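Below are the chains, spelled out letter by letter.
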Amino acid sequence: MSVLGLLRRGLLTLSLLALLGAVAALLLAPELIAPAEDAMTPIYDQVAEYETDQLLNTAVGTIALIALIVGAIRKLSGISGEADPVLVADDERLPESVSVDPATVTGYATNEAVNGVESLDDARQYRNDLRETAVAALQAGGESPEVARRRIEQGAWTDDDIAAGFLGDAVPVPLLARLRGWLDEAAEGRRRLVRSINAVATLATAPDAAAQTPIEEETDE
Amino acid sequence: MAADTDDKAAMTTVDETNWRPPRAGSALGIAIVVVGCWLLADALGVVDSLAVATGGGAGIAAVVWLTSRERAAAMGTLLGVAVGPLAGSLLVAGLGYTLIAQLAGFAPGGTVFVGVSAVLAGFGAASIPNDSADRDGVSTAMWSTLLSAVGLLAVVGALIGNTVRRKEEMEPFADLPLPETIPELIPDATAVPPFGSFLVITSLAVLALRAALAALPVAELLDDRAGDDDAAIKWFERLQSALGGATIGVMAGILLFGARILLGPAYVELWALLPPAVVGLLDALARTPFLRWLAIRLLAVSVTIVVLVRLIRRLHHNGIRRHLGKIAIVAGTALAFAAGWMGHDLILNTLIGRLETALPGSVAEVVLQQVDDVIEYYTGEVVALGLVTAGAVTTGLSLAMLRLGMLFQVVPGRHSGHALASAGLFAAGGFGAALGAPLPASLGTLVGAVVVWDLGRFGVSLGRDVGRRAPSLSVQFVRVLTAALVGAVTAALGLGAVSMTPVAIATESAAAVALFAAVGVASLASLMLAR
Amino acid sequence: MSDATQRSRAEQDTTDQSTLSQSGDDATTTEIEASRTAESTRSTLTLRRRIRRIGPWSIWLVGGFFLLGLGLFYAEATLVAAAAIPFVYVGYAALSTLPRNLSIDVNRSVDDRRLTPGDPVEVTVSVTNTGDSVLTDLRIVDAVPEELAVTAGSPRASLALRPGSTASFSYTVIAKRGDFAFGDARLVVRSLLGTDTATLSATVSGADSVNCTDPAALDGLHQATKLRTGVTQSDQGGEGLEFHSTREYRSGDAQTRVNWRQYAKTGDLVTTEFRQERAAREIVLLDVRPETRCSSAVTHPTGAEYAAYAAEAAVERYRRLGHRVSLAALGVDADDVEIPIREAGNALWVENAGTETGQHAADAVFSAAADVAASRTTANTALTSLVENESEPHRRDISGLVAQFPERAELLIVSPLVDRTPLSYAKRAAVIGNAPTLLSPDPTAEENAGGQLHSARREIRLREARGVCERVIDWPAERSLSAVAAAVDRGGR
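Residues numbered from 1 in each chain as written. Chains lettered and ligands numbered in written order. Predicted model: local features only at pLDDT ≥ 70, side-chain atom pairs only at ≥ 80, totals over all residues.

Of regular secondary structure, chain B possesses 20 helices and one strand. A burial count over chain B gives 40% of its 531 residues as buried. Within chain B, contacts between residues separated by at least 24 positions form 83% of all contacts whose residues are at least 6 apart in sequence. (Helix = DSSP H or I, 4+ residues; strand = E, 2+ residues; numbered from the N terminus. Buried ≥ 20, exposed ≤ 12 C-beta atoms within 10 Å, placed from the backbone. Contact = placed C-beta atoms within 7 Å.)

The number of helices and strands found in chain A is eleven helices and one strand. The helix and strand sequence of chain A, counted from the amino end, reads α-α-α-β-α-α-α-α-α-α-α-α. For chain A, with 221 residues in total, the buried portion stands at 35%.

Now for the interface of chain A and chain C. The partner chain C presents 77 residues to the 59 residues of chain A that form the contact. Secondary structure elements with two or more residues in the side of chain A that touches chain C: helix H1 (3–28), helix H3 (52–79), helix H4 (108–115), helix H6 (127–140) and helix H10 (185–205) of chain A. With 14 residues, H3(A) is the largest single contributor of residues to the side of chain A that touches chain C. Looking at the side of chain A that touches chain C residue by residue, the class counts come to 35 nonpolar, 16 polar and eight charged. (Nonpolar A, V, L, I, M, F, W, Y, C, P; charged D, E, K, R; others polar.)

Residues and elements named next belong to chain C. Taken together, five strands build an open sheet; the order of strands is E6-E8-E4-E3-E12 and the sheet is mixed. At either margin of the open sheet sits one strand with a lone partner, and together these are strand E6 (150–153) and strand E12 (205–206). Examined bridge by bridge, strand E3 (residues 104–110) and strand E4 (residues 120–129) share seven bridges and lie antiparallel to one another. Looking across to E4, one finds that Arg108 is bridged to Val125. (Pairing = 2+ DSSP bridges.)

Two numbers describe a pair of packed helices, the interaxial angle and the distance between the axes. Residues and elements named next belong to chain B. Between helix H1 (residues 23–44) and helix H18 (residues 439–466), the shortest axis-to-axis distance is 9 Å and the interhelical angle comes to 160 degrees. Taken as axis vectors, H1 and H18 run roughly antiparallel relative to one another. For the element pair H1 and H18, the recorded crossing hand is left-handed. When H1 is examined against H18, the residues Gly25, Ser26, Leu28, Gly29, Ile32, Val33, Gly36, Leu39, Leu40 and Ala43 are found in contact with a partner set consisting of Ala441, Ser442, Thr445, Gly448, Val451, Val452, Leu455, Gly456, Phe458 and Gly459. (Axes fitted to C-alpha atoms, helices over the stretch in contact; angles between N-to-C directions. Parallel < 35°, antiparallel > 145°, perpendicular 65-115°, else oblique. Left-handed = near helix turned anticlockwise from the far one by under 90°.)

Before going further, it helps to examine the sheet that holds strand E19 (residues 347–350) of chain C. Residues and elements named next belong to chain C. Ordered in space as E18-E19-E17-E16-E20-E21-E22, the seven strands form an open sheet in which the pairing is mixed. The sheet terminates laterally at strand E18 (342–344) and strand E22 (471–475), the two strands that pair on one side only. The average angle at which neighbouring strand axes cross in this sheet is 20 degrees, direction not considered. In this sheet, strand E17 (residues 324–330) lies alongside strand E16 (residues 281–287) in parallel orientation, the contact comprising seven bridges. Its bridge partner being in E17, Val284 is matched across the sheet by Leu327. Each of E16, strand E20 (410–414) and strand E21 (436–441) is contacted by helix H9 (residues 421–432), which is oriented at about 165 degrees to E21, the strand it contacts most.

A word on unusual backbone geometry. The general pattern is negative phi for most residues beyond glycine and trans for most peptide bonds. Residue and element names in this part refer to chain C. With phi around 55 degrees, Arg408 is a residue other than glycine that occupies positive phi space. Within the secondary structure layout, Arg408 lies in the loop between helix H8 (395–402) and E20. You will see that Leu417, though not glycine, has its phi angle at about 60 degrees, which is positive. With respect to the helices and strands, Leu417 occurs in the loop between E20 and H9.

Before going further, it helps to spend a moment on the nonpolar core. Most often, soluble globular proteins keep nonpolar side chains buried together rather than apart. If you look at the biggest cluster of nonpolar residues, it comprises 222 residues, and the most contacted ones within it are Ala134(A), Ala137(A), Val200(A), Ala82(C) and Tyr89(C). Top contributing element to this core by residue count: helix H3 (residues 73–103) of chain B, with 15 residues. Contact partners of Ala82(C), with chain neighbours within four places excluded, come to Ala433(B), Leu443(B), Leu446(B), Gly494(B) and Leu67(C). Tyr306(C), Ala311(C), Tyr318(C) and Leu439(C) belong to the second-largest nonpolar core, a separate cluster that totals 63 residues. (Core = buried A, V, L, I, M, F, W, Y, C linked by C-beta atoms within 7 Å.)

Turning next to helix H10 (residues 449–468) of chain C. Given a rise of 1.5 Å per residue, 20 residues ought to cover 28 Å, and the 29 Å separating the end C-alpha atoms of H10(C) matches this to within 8%. With 14 of its 20 residues buried, H10(C) lies for the most part within the structure. (Expected span 1.5 Å × (residues − 1).)

Residue and element names in this part refer to chain B. Here H1 crosses helix H17 (residues 416–434) at 25 degrees, and the two axes come no closer than 10 Å. Classified by the angle between their axes, H1 and H17 sit roughly parallel to one another. Note on packing geometry: the crossing formed by H1 with H17 is left-handed. Where H1 approaches H17, its residues Gly29, Val33, Gly36, Cys37, Leu40, Ala43 and Leu44 are matched on the opposing element by His418, Ala421, Leu425, Ala428, Gly429 and Gly432.

On to the environment of Gln262(C). Residues and elements named next belong to chain C. Tracing the chain through its elements places Gln262 in helix H5 (residues 260–266). Take Gln262: there are 14 C-beta atoms within 10 Å of it, and that puts it in the partly exposed class. As a C-alpha pair, Gln262 and Val298 span 36 residues in sequence and 74 Å in three-dimensional space. For Gln262, the residues in contact, after removing those within four places along its chain, are Asp268 and Val270.

Dropping the structure here:
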């Protein structure tokens, strides 16, 4: 705002405040304004004709009216006014953000596959991959592939019942998990997948511990 | 700096809640509201009732927050709708006690206005932490509570009508042509065994049983291994197919039934062809009331199971906010209803106790007598439920008024917590000063109102600009200090001026002229500054 | 700079302003230029926008009227006096302005140690109020390069500054290979009650980029292949220092090697054979195939970037020590390299990166590898299995490359080990006598199921590698290369 405009505003405000001060003085300390009283006599007589209550109520009414006008002015000027400046506009890039595609993070495809599971059958489609990984983990721990497969089937490779039952045929999935599957297949399918992945990850870091558990020998069928 | 990252997503590691107003400012705003309201209430002598009323206002803010949550939306709606009547009744109770105190002369006239302002301030202050009082939130809360109120009204209306009917021994339905008794299931003795209807009923029952078994998680209970070679599952499937054979029974039964109607006497002769032992056996079977009773119960239970199971699975799977939302509203209403029913003793005793202490002696007698009469007539439960309903209606109507204010843009549509708190505090301060509260308290409340408003706006802008992670304590401190200083200095000057020369306004015509002039000047000034 | 050019520059810089509206308007927008000459150590401030806006405060006029009316209604003088409070607030808000000469200095400092990819870098921004009036509400946001992610702290701050005082804030980004430039900082300054605002942009003095380009020849990397510095003794006879054997003189032998004493004694010409000194030989095999160009999180570089950097650092180290080091690069296309490079198998092959031409070739290969490593591979989401099928490399490719390996050179494989290809190369190399060592940066994170599965599979491959390679160095995602090299130096795993 230019200096002139500021000066204009300041002067106006000051003069209005001075006027207000004079009026207040008249109200609170009338003896100060005594000299000017002669000029005001006709007005006093005019006002004295009305009753006090009437005057007061009229005053209140006028004030309410002016308040409405002020509100209206404000509303109108608010529409065409400038917006508050912001540090980072909505259409700009956030400085905390990084321009990297989340699809380039390791494991993105797997996560998308897990989230796309809609039923228990969908989840069972991915079992083979997990079984192969688990077998490879056990092999890296020194077991032969056949023994490893048997171990997976009997579920003797992990403490997690759900993972054991999901990947192994000879072990049942716990009852609560089955009921959950009945209630909501998709959520339960995802849950079983994620638990199995957790268990396989634990196995990969410590295959020797899992190999300690004894398994039943396969009998001829 | 426009990015050319059209095909690369811009990922950010910052949470959404980072851009909310800083906590320190919000806490200070709430503290100012609490202190201001307490000071005024203390000065006017109505701390208890005002505290209850403000608690009600804060409760309504909690209802808005609960119903407009996004996480655990159903539970939130349920709790919100259940808490709504409580908040509303607290509000009504607090304001009612304030009114009683005012009418009884314990508090200066007009205290109830201070009460209403304090409620508004309480609502605003309670909405500040979670910033939940925006247009959508208030809309959702309004609809939920209004629905719940309507439901409660309907139930309570029915109960009251029932009580009245019982008490007055009215028989409103006596003239309706209702059938006297349900027609018997077992027909009169006829020449031929009523085998057709029996077959139909029993076969339908068996089919329904089959459907229920299929719906129930029997397969999952047994096992759900991939391997099919399990005896139990095989047995179960055999059972299912066996039960499926009941379709034949249905068809046969319908045939027999039709034959009886169509063939008439020829039907009787057909029956006569069979050996009498068989006829006797079939007759006994068809007429045994136990079997029919069992069949009908089985049918009803199975159908219910199938419907329920479908409902549960659908609800659990879908999780659609709409369905759960509606059910949550009903459940919340039922919860409020149950609370009112079970706790009617507690509610009524509290009410009567407060009335005893609040009312002056002579009036208390009369009022309490009336209350006792009403309770006796309508039974305590119904009265308590009536109060619950009144609370729900109050909450709904208050939220509706708020929403209306937002519609007309009197209330800001977003971040309205601090605006409402400030408005309430300001009005409370003004009324408090008018009613004779000590000047430091009321003027301090006025200054506090402006500070809360400024701090709230500042906090919103700060949160949006720099977020909560960045330190912002010093800047907020400077801002609060500035605002408080400006107001305090003005208030001190005003206090000084008034205390120096006390004047009664309405006694001198000079004063009247001066006042008009002052008003005129003030309006001119505001016109200048409002541009 | 002259004032005229300054002014024109500022005029170009300021954004377009909105026009004053005709009817009563809350805001006036002006184009006051407040830019200043900067010495090279000070920052330049450019005013973008100046807004005066008392609109929100005018609601308190209504409040003032409310109090006035209430006072009249209840006939209370104090309320009428109290009505002055809101009016005074509005007046103060209308009259408060920003200081005319805004002068702010912004300085940025970046961790200046040698950076490797994946290192957290702390950036500290300090703001000084070089004017002569208090700035009560200054908000600043630093322009972080878009490729780098902020992992701790915040690049935004709100400060209140007395004249002459300085405040600072800091945040952390993760370094990546390359040179990333910061932009100008943006500031918003407000007056005491927030009615007068100025939006400014400031060029920041001090550090203006995060630079991570030159791989340091890190101590300790050479220890990965367990060679002593300098030379090794071999068992073959030839030139050297230590006596090995004698043989009959052949024409062409150096006169210095003739055993004159024996000639003096017996009259036979005999040549002495010394232990042949062989210069130490290494091969660095770098794996930056598309499968390796994934990262553990969006904030971190890819496994291939880590590998390329480590390989370049290793080659540099060996070269400084005087070894003869060869370079093989998998996954870099010959077309991407500036100078023609020989191919062996399906890899680029530089025979000796110690010679002049070899160094050029190796540098060209590394620069191409760095570029290609930063071009991330998007995961294929149209899969029917949980993990992508691993393609086995052709045996011909493997043998084609391994055949090029000099005899008894030690092999250092730098690969994130996202599939079993590096293991195939390692096995083949071990068979023919090039003892393999594996340095493997970890491109997986264990936060979600996908990351865990990939991490588990990599773990299995690492175990298998331990059986094939002489030494396996697993480089965890959160450690820097210098820490790993130091650990190797100390003899750790």
